[in-house]
Number of protein chains: 2
Amino acid sequence: MSSYSEFDLITFLRQRCRRAPRHLKTSIGDDCAVFAPGFAHRMVCTSDLLVEGFHFRKEWISPQFLGRKACLVNLSDLAAMGARPYACLLNLALEPAWLSGQVQALIEGFVSEAEERNMPLIGGDLSRSDRLFVSVTALGYVKSGEPLLRSTARPGDAIFLIGDLGYSRLGLQLLKETADLDLSGIAGDDELRRHAGSEERYRCLKAHLCPPVHAEEAVWFQENQAARAMIDVSDGLAADLRHILDESGVAAEINVEALPSLEGIDSQDALLALLLDGGEDYALLFTASPEMQERIAQEYPSDWSQPSLIGRVVDGPPRLILVRDGKRRTYEPRGFDHFQ
Amino acid sequence: MSSYSEFDLITFLRQRCRRAPRHLKTSIGDDCAVFAPGFAHRMVCTSDLLVEGFHFRKEWISPQFLGRKACLVNLSDLAAMGARPYACLLNLALEPAWLSGQVQALIEGFVSEAEERNMPLIGGDLSRSDRLFVSVTALGYVKSGEPLLRSTARPGDAIFLIGDLGYSRLGLQLLKETADLDLSGIAGDDELRRHAGSEERYRCLKAHLCPPVHAEEAVWFQENQAARAMIDVSDGLAADLRHILDESGVAAEINVEALPSLEGIDSQDALLALLLDGGEDYALLFTASPEMQERIAQEYPSDWSQPSLIGRVVDGPPRLILVRDGKRRTYEPRGFDHFQ
């Protein structure tokens, strides 16, 4: 017996989800959600898992932050296409040992982030389990033109990055190395800051627990035809750039000096590994033709996170070439395999 | 270390999923799937979980049948709206201990069923886990009119059922009671029949492992405006009818003698419990106005599973009234709560 019933949770969800996306006809409470898709030139959809013991540990993330993160990593996949978020579905497998307040905190974290980011919750499923599982499906759209793919980069394109690299990995390392850092009850950013102990540590933990997805910026590039190929950096800059290269059949040169800085790291090798293979950065990586570069220079909003020019797409079989002090070397992403 | 890599699985999936739904622009291999929704007057979406140790046990269902069932239970939610299937996404959390052949059998079972049922796989996510976890999102559509809701039943409607009741529950009981029945390696219907030992047991096991979803029939009722409210019977006839009654604000009388038969059950009480509270039947339950009933009588295809008239919607606060030998009594569904 748990302290909550399925009926209570569904009632809570129906009451909590007051904000519906436009054109929604039926939401939580029927077999399916229903919407009229006339607003969309293209629909995009993606689905991502977070699994206890693998993607997260309960001591390291509170229910509220887990809800927020589950929302944001899916939002990031929409952003990777330059798509506007439309709505999402949430599947939760919950331990009966959880208290009602923990379940509600997870849902509250998820729903508040989803509504804030214009991706309201419209359906899903609840189940019992002896491991916590969160599975989210996100639906997005573009109003005209095509979503930004991985397969459309061309030699001569510039390569841009928006966002930080490495902080999320540093946050994860902090969690692994700091035995007394129990974040399982953290209810918001202020509390996280207090627990972190310093602004530097807060920045790393925040990047790991609640990634700063650049959703608005991504949409700008799609709607202003200012990017050719795009991806979000979830596995690490090197691995995700490699996805673009593989799908597009091109190579890339990355100017190491142009990569974003990362404070407090002394070793050059450690720094490079964090920047290129950190993972879970949720930065935005894209290529742009010369005309697109001009458009970006002239029209990209000056008060948003600015794109950094970090390299260029070149002819040749898919590979990543690092350039530093005029020297070039091939870099193999430290491939992350879920099953190895 | 497991016997398969994420890369191998994605390659297998991309090669296996050769059939794309119409209007699909981008499938597995980018951050999102992309499609042009112009074909749809309404889109519907649903997402369902299957969790090891709760929805299934590995001794009782083979990877292939688990894949098929995960597909079918989601298809059934589309059918409940009278919606045509469009496509689906599959999230899998897999044990590293599984062999490559087991993973491929699960995917093969899922994909073959999805393609057979016109709901091709277009995306998803893979992860490691120490419990097996399957999460599916299904997308469907209607070409015109509105999907069939739970909230639209009216007094005077007839109540119809298509499909069997109770067999799936009997199948589950067989699995629980037959210690030496190991179905973990079963690769298809013929093998299941051989393991079952009798045609009667095969029917029950098949109903439980691979429910006969009435997807085509459901679409007919939506497209021919021949049903008012509809639901699929997944929690049991009484509980799911009760969903219609609650959402529509009406009561229902069910004629017990009109319920489908179930062979081999002697006790009247046990029979009624199986029919009303069995669960996982995936039969189709709907209401129809007098004009709709006439249309069904004249135009419903004679070679499909036939609808049985089992009762009618009446005025009054939501409750289920059983009628037998002219006597009426209120019946409370044995509510199934995932957390109790």
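Cut-off values and rules
- Residues numbered from 1 in each chain as written.
- Chains lettered and ligands numbered in written order.
- Predicted model: local features only at pLDDT ≥ 70, side-chain atom pairs only at ≥ 80, totals over all residues.
- Heavy atoms only, no water.
- Helix = DSSP H or I, 4+ residues; strand = E, 2+ residues; numbered from the N terminus.
- Rg over C-alpha atoms; globule rule 2.2 N^0.38 Å.
- Buried < 20%, exposed > 50% of the residue type's maximum accessible area, 1.4 Å probe, protein only.
- Contact = heavy atoms within 4.5 Å.
- Areas by Shrake-Rupley, 256 points an atom, 1.4 Å probe, with all protein chains shown as cover.
- Lys, Arg positive; Asp, Glu negative; His and termini not counted.
- Charge placed at Lys NZ, Arg CZ, Asp CG, Glu CD.
- Pairing = 2+ DSSP bridges.
- Axes fitted to C-alpha atoms, helices over the stretch in contact; angles between N-to-C directions.
- Polar contact = N/O pair within 3.5 Å; in protein donor to acceptor, adjacent residues only side chain to side chain.
- Salt bridge = Lys/Arg side-chain N within 4 Å of Asp/Glu carboxyl O.
- Least-squares fit on C-alpha atoms with pLDDT ≥ 70 in both.
- Buried area = accessible area lost by both parts, 1.4 Å probe.
- Phe/Tyr/Trp six-rings, centres within 6.5 Å; stacked < 30°, edge-to-face > 60°.
- Lys NZ or Arg CZ within 6 Å of the ring centre and 35° of its normal.
- Parallel < 35°, antiparallel > 145°, perpendicular 65-115°, else oblique.
- Nonpolar A, V, L, I, M, F, W, Y, C, P; charged D, E, K, R; others polar.

Check the secondary structure of chain A and you find 10 helices and 13 strands. Its C-alpha atoms give chain A a radius of gyration of 21 Å, within 12% of the compact-globule value 20 Å for 340 residues. Its C-alpha atoms give chain A principal-axis dimensions of roughly 65 × 50 × 40 Å. A buried classification covers 61% of the 340 residues belonging to chain A. A separation of at least 24 residues holds for 85% of the contacts in chain A among residues at least 6 apart in sequence. Accessible area of chain A: about 13500 Å², with a carbon and sulfur share of 46%. Of note, chain A has its 35 positive side-chain charges centred 2 Å away from the centre of its 50 negative side-chain charges.

Overall, mixed pairing links the six strands, which are arranged β1(A)-β2(A)-β3(B)-β6(B)-β4(B)-β5(B) in an open sheet. Among the strands making up the open sheet, the edge pair consists of β1 (24-26) of chain A together with β5 (121-128) of chain B. Averaged over all adjacent pairs, the angle separating strand axes in this sheet is 20°, with direction ignored. Both strand β2 (residues 33-35) of chain A and strand β3 (residues 42-51) of chain B contribute to a ladder of three bridges, which runs antiparallel. If you follow A33(A) over to β3(B), its bridge partner there is C45(B).

Bringing the side chain of R68(B) into the picture now. Residues and elements named next belong to chain B. In this fold, R68 is placed in helix α2 (residues 63-79). We classify R68 as buried; its relative accessible area is 13%. Among the polar contacts made by the side chain of R68, one reaches the side chain of E113 at a distance of 2.9 Å. If we skip the residues at most four places from it in the chain, R68 touches G109, F110, E113, D189, K206 and C210.

Bringing the pattern of salt bridges into the picture now. Under the definition given, this model contains 48 salt bridges over all chains. Between D130(A) and R131(B) there is a salt bridge, with the nearest N and O atoms lying 3.1 Å from each other. One end of the pair, D130(A), is in the loop between β5 (121-128) and β6 (133-142); the other, R131(B), is in the loop between β5 and β6 (133-142), on a second chain. A salt bridge links R328(B) to E253(B), with the shortest nitrogen-to-oxygen separation between them at 2.2 Å. Of this pair, R328(B) sits in strand β13 (residues 327-331) while E253(B) sits in strand β9 (residues 251-255); the two residues are 75 residues apart in sequence, bridging distant segments of the chain. Judged by relative accessible area, which is 49%, R328(B) ranks as partly exposed. The class of E253(B) is buried, set by a relative accessible area of 13%.

Residues and elements named next belong to chain B. A large share of strand β10 (residues 283-288) lies buried, amounting to six of its six residues. Side chains A283, L285 and T287 of β10 all project onto a buried face; the interleaved residues L284, F286 and A288 project onto the opposite face, where all are buried too. Where strand β7 (residues 158-162) and β10 come together, five bridges link them in antiparallel fashion. Its bridge partner being in β10, L161 is matched across the sheet by L285.

Glancing now at the relation of the copies chain A and chain B. Of the transformation placing chain A onto chain B, the axial shift is 0.0 Å and the rotation is 180°, giving an RMSD of 0.0 Å. As the rotation angle and translation indicate, the two copies are arranged about a two-fold axis. The fraction of interface residues of chain A whose copies in chain B are also interface residues reaches 100%, indicating that both copies meet through the same surface.

This part covers the interface of chain A and chain B. Contact with chain A, which involves 69 residues of that partner, is made by 69 residues of chain B. With both chains or domains summed, chain A and chain B bury close to 5700 Å², and 54% of this area falls on carbon and sulfur atoms. On the surface where chain A and chain B come into contact, there are eight salt bridges. Here R150(A) ties to D30(B) by a salt bridge, and the two come within 3.6 Å at their closest N and O atoms. On inspection of chain A and its partner chain B, the count reaches 24 residue pairs in polar contact (both at pLDDT 80 or more).

What follows covers the sheet that holds β5(A). With mixed pairing, six strands are arranged side by side in an open sheet as β5(A)-β4(A)-β6(A)-β3(A)-β2(B)-β1(B). At either end of the open sheet lies a strand with only one pairing partner, and these are β5 of chain A together with β1 (24-26) of chain B. Direction aside, neighbouring strands of the sheet carry axes that sit 20° apart on average. The strands touched by helix α1 (residues 6-16) of chain A within the sheet are β4 (84-94) and β5 of chain A, with β5(A) carrying the most contacts at an inclination of about 165°. Helix α2 (residues 63-79) of chain A rests against β3 (42-51), β4 and β6 of chain A of the sheet, and its axis sits at about 145° to β3(A).

All right, on to the environment of E177(B) then. Structurally, E177(B) is set in helix α4 (residues 167-177). Each C-alpha atom of the pair E177(B) and E113(B) lies 29 Å from the other, and the pair is 64 residues apart in sequence.

Once that is clear, we can look at the packing of aromatic side chains. Here the distance between the centres and the angle between the planes together describe a pair of aromatic rings. Scanning all chains against the criterion turns up 23 aromatic pairs over all chains. Arranged with centres 6.4 Å apart and planes meeting at 45°, the rings of F35(A) and F39(A) form a pair that is tilted. The residues F35(A) and F39(A) share a single accessibility class, namely buried. By way of ring pairs, the aromatic residues F160(A), W220(A), F221(A), F286(A), Y300(A) and W304(A) are connected into one cluster. Taking the ring centre of W60(A) as reference, the NZ or CZ of R57(A) above it sits at 4.4 Å. Geometry around Y167(B) places R203(B) over its ring, the cationic atom sitting 3.9 Å from the centre.

All names here are of chain A. Where helix α8 (residues 237-248) contacts helix α9 (residues 268-277), the axes come no closer than 5 Å and their chain directions differ by 45°. Relative to α9, the element α8 lies oblique. Contact residues: L237, A238 and A239 in α8; L275, L276 and D277 in α9. When the residues that make up the contact of α8 with α9 are grouped by side-chain class, the tally is five nonpolar, no polar and one charged.

The buried count for helix α7 (residues 215-223) of chain B comes to seven of nine residues, which makes it a mostly enclosed element. Turning to α7(B), its buried residues number three or more, namely A215(B), E217(B), A218(B), V219(B), W220(B), F221(B) and Q222(B).

As a further point, take the environment of R312(A). All names here are of chain A. Structurally, the position occupied by R312 is in strand β11 (residues 308-314). Separated by 155 residues in sequence, R312 and D157 have C-alpha atoms that sit 5.7 Å apart. Among residues more than four places away in sequence, those in contact with R312 are D157, A158, I159, A251, A252 and E253.

So, on to unusual backbone geometry. Positive phi, close to 55°, is recorded for E280(A), a residue that is not glycine. The topology assignment puts E280(A) in the loop between α9 and β10 (283-288). Residue E280(A) is classed as partly exposed on the basis of its relative accessible area of 22%. Of note in the backbone geometry, D325(B) takes a positive phi value of approximately 50° without being a glycine. With respect to the helices and strands, the residue D325(B) is situated in the loop between β12 (320-324) and β13. On the basis of relative accessibility, which here comes to 61%, the residue D325(B) falls in the exposed class.

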